[in-house]
Amino acid sequence: MSARRIAIRKLESIKGGMAEFFTPQASHETMLVQIPPNTVDDLFVHKSQTDQLLVVKGEFAIVTLIDKQYQYIPLSEDYPVVVTIPPGVLHGAINLSSQMCVVVNAVLRHRPVQERDYITRGRPFPYDLAAVTQALKNLEARIQEANVR
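Residues numbered from 1 in each chain as written. Predicted model: local features only at pLDDT ≥ 70, side-chain atom pairs only at ≥ 80, totals over all residues. Heavy atoms only, no water.

1. Remarks on the pairing of strand S3 (residues 19-22)
Regular strands place their side chains on alternate faces of the sheet. Summarising the sheet, strand S2 (residues 13-16) and S3 pair through four bridges and their orientation is antiparallel. Of the residues in S3, the one forming a bridge with Lys15 is Glu20. Here S2 folds back onto S3 in antiparallel fashion, the turn holding two residues, of which Gly17 has a positive phi close to 70°. (Pairing = 2+ DSSP bridges. Helix = DSSP H or I, 4+ residues; strand = E, 2+ residues; numbered from the N terminus.)

Right, here's the structure in full:
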């Protein structure tokens, strides 16, 4: 059993007038990442950093490979969570929508950047895109249900 796990944490917020302020993430470096529409990315793994991802526009799914199984984590601007991916976890991005997705990555550096951290590793077996679509639909339903309350 792998000790490396993805953490998903809902962001706390406070309202100030018409604005809503979300808890900032501690980081060594903050990146703005654009995931093009209709993107199915290969897997890659970071050895020297932890990714902390927050969708600020659009939606996509993180795919991870842990213990020889894919996990599809749907993310949306309408459901503010931070997904933390520790070093050593194979992961990639899947954006099945026709819209660009914009993500903030609050990177925690554990040692200097290594070139191999950004080399794709391919896919040992095909992704289940129907499962990705269903995961995104399930998230949308949860968001709509929460908005009705």
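From this point, the narrative continues.
2. Section: the packing of aromatic side chains
Summed over all chains, the structure comprises three aromatic pairs. Where Tyr70 meets Tyr72, the ring centres are 6.1 Å apart and the plane angle is 40°; that geometry is what we call tilted. Centroid distance Tyr70 to Tyr127: 5.0 Å. Interplanar angle 75°. Geometry classified as edge-to-face. A residue pair is termed long-range when its members are at least 10 positions apart, and Tyr70 in strand S8 (residues 69-76) and Tyr127 in the loop between strand S11 (101-109) and helix H1 (129-148) qualify at 57 residues. With respect to burial, Tyr70 and Tyr127 carry one shared label: buried. Between the NZ or CZ atom of Lys10 and the centre of the ring of Tyr79, over which it lies, the distance is 4.6 Å. Seen from the ring of Tyr79, Arg142 lies directly overhead, with NZ or CZ sitting 5.9 Å from the centre. (Phe/Tyr/Trp six-rings, centres within 6.5 Å; stacked < 30°, edge-to-face > 60°. Buried < 20%, exposed > 50% of the residue type's maximum accessible area, 1.4 Å probe, protein only. Lys NZ or Arg CZ within 6 Å of the ring centre and 35° of its normal.)

3. Notes on the pattern of salt bridges
Taken as a whole and assessed by the stated rule, the structure comprises three salt bridges. A salt bridge links Asp67 to Arg5, with the nearest nitrogen and oxygen atoms 3.2 Å apart. One end of the pair, Asp67, is in the loop between strand S7 (59-66) and S8; the other, Arg5, is in the segment before strand S1 (7-10), with 62 residues separating them in the sequence. You can call Arg5 partly exposed: its relative accessible area is 39%. As a salt-bridge pair, Arg109 and Glu29 come within 3.1 Å of each other at their nearest N and O atoms. Pair noted here: Arg109 is in strand S11 and Glu29 is in strand S4 (residues 29-35), with a separation of 80 residues, a long-range link. Overall, Glu29 belongs to the partly exposed group, its relative accessible area being 32%. (Salt bridge = Lys/Arg side-chain N within 4 Å of Asp/Glu carboxyl O.)

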